[in-house]
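# Geometric and topological summary
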Amino acid sequence: MGEFLQTLFVGLRLGSVYALIALGYTMVYGIVRLINFAHGDFIMVGGYTLIFTVPLMTAAGLPAWTAVVIAVAVCALVGVLVELIAYRPVRRKGTNMTALITAVAMSLFLENLAQAIPAIGPNPIIAGQLFASGGVRVAGVTLDYITIYTIAVSAVVMLLLYVFTQKTRLGRAMRCVSEDKGAAVLMGISVNKTVLATFAIGSGLSAAAALMYVAQYPKVYTTMGSLLGLKAFVAAVVGGIGLIPGAMLGGIVIGLVESFSTAYISSSMTDTFVFFILIVVLLLKPAGILGKNVGEKV
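Residue numbers here run from 1 along each chain, matching the order of that chain's written sequence. Owing to the predicted nature of the model, reporting of local features is limited to residues with pLDDT of at least 70; listing and counting of side-chain atom pairs is limited to 80 or more, with chain, interface and lining totals taken over all residues. Where side-chain values are given, they derive from all heavy atoms of the structure, hydrogens and water being excluded.

The name that an unreviewed UniProt entry assigns to the protein is Branched-chain amino acid ABC transporter permease, with the source organism given as Candidatus Scatomorpha merdipullorum. UniProt positions are given in the numbering used here, feature names are shortened, and annotations may be inferred rather than shown by experiment. According to the UniProt record, the Sequence similarities (unreviewed entry) comment for the protein is "Belongs to the binding-protein-dependent transport system permease family. LivHM subfamily." Of the protein, the UniProt comment under Subcellular location (unreviewed entry) reads exactly: "Cell membrane".

Structure, rendered in structure tokens:
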């Protein structure tokens, strides 16, 4: 029983990180129908920002985790710049395929740019402790504080995003642009500003994901976002890409699959099971667990 609970807690913790990243994918895809493969590298940007700003926060007498505020701002700025410089021109003149290729190119560009910065380089950098150590006992198993914080942050972010998209003026504009860009323009909504805000919010979320991931695995390197981003994309698709609750559900499912397959089957087969779940879901329910199949407008 103890081993099962420990595996469950690890799965929920990892799944919550995937959910935070998947929310960023969902925000962008839901508005512009673009799979932003550079989103995983925004996590890398957030991780390095945390590494370099934590000493500043602690020197100012603040907790180390408050560095996430600066990381959110930096990631949001990078997301906005990527949209303005790379994605917007392609969306205007290109096709869905050229936009996808551009997203992959931006991912590689950010990774290689980070390696070219002398203060970063190709070697991993070890992060310091971001949260207090310790935990609580649950049925004879220690549930550490990082796991509790990660699950709580993921749940709170999902709820805030859902309320934001349903109740605020900007959130309603995002949903309108997602449904029909032409109608949104006729209603006086600036599509470009809405898309820009979407990229800023989605990219800022990657900083929160970086905080929780680095708190668990205190190492930052230039390619850290590649596999993380890919698994989070799988989570978004499994749950129903474009849906905020779907991103949360998909992240938890993938995290649990990864945790239990590692504990009870084989750690070398973990990724195999993750992508096998993706194939099964796409075969049985192509729109994802919470998604609905909608006919394409012609």
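From this point, the narrative continues.
## Side note on the pattern of salt bridges
Here, a salt bridge means any Lys or Arg side-chain nitrogen found within 4 Å of an Asp or Glu carboxyl oxygen. With the rule as written, the count across this model stands at four salt bridges. A salt bridge links glutamate 83 to arginine 88, with the nearest nitrogen and oxygen atoms 3.2 Å apart. We note that glutamate 83, like arginine 88, is buried. Lysine 231 is paired through a salt bridge with aspartate 271; the nearest N and O atoms lie 2.7 Å apart. On the criterion of sequence distance, the pair formed by lysine 231 in helix H9 (residues 224–239) and aspartate 271 in helix H11 (residues 270–284) is long-range, its members being 40 residues apart. Working definition: with a 1.4 Å probe on protein chains only, accessible area under 20% of the residue-type maximum means buried, over 50% means exposed, and in between means partly exposed. For helices the rule is a DSSP run of H or I covering at least 4 residues; for strands it is a run of E covering at least 2, with both sets numbered from the N terminus onward.

## Observations concerning the packing of aromatic side chains
Side-chain rings of Phe, Tyr and Trp (the six-membered ring for Trp) are treated as a pair once their centres are within 6.5 Å; stacked means planes under 30 degrees apart, edge-to-face means over 60, and tilted covers the remaining angles. Under the criterion given, the structure shown has eight aromatic pairs. Between tyrosine 48 and phenylalanine 52 the ring centres are 6.5 Å apart and the planes differ by 20°, which places this aromatic pair in the stacked class. With tyrosine 48 and phenylalanine 52 both in helix H2 (residues 39–59), this residue pair falls four residues apart, about one helical turn. Geometrically, the ring pair formed by phenylalanine 260 and tyrosine 264 is stacked, given 5.9 Å between the ring centres and 10° between the ring planes. Remark: tyrosine 264 and phenylalanine 260 occur in helix H10 (residues 244–264); sequence separation between them is four residues, near one turn of the helix.

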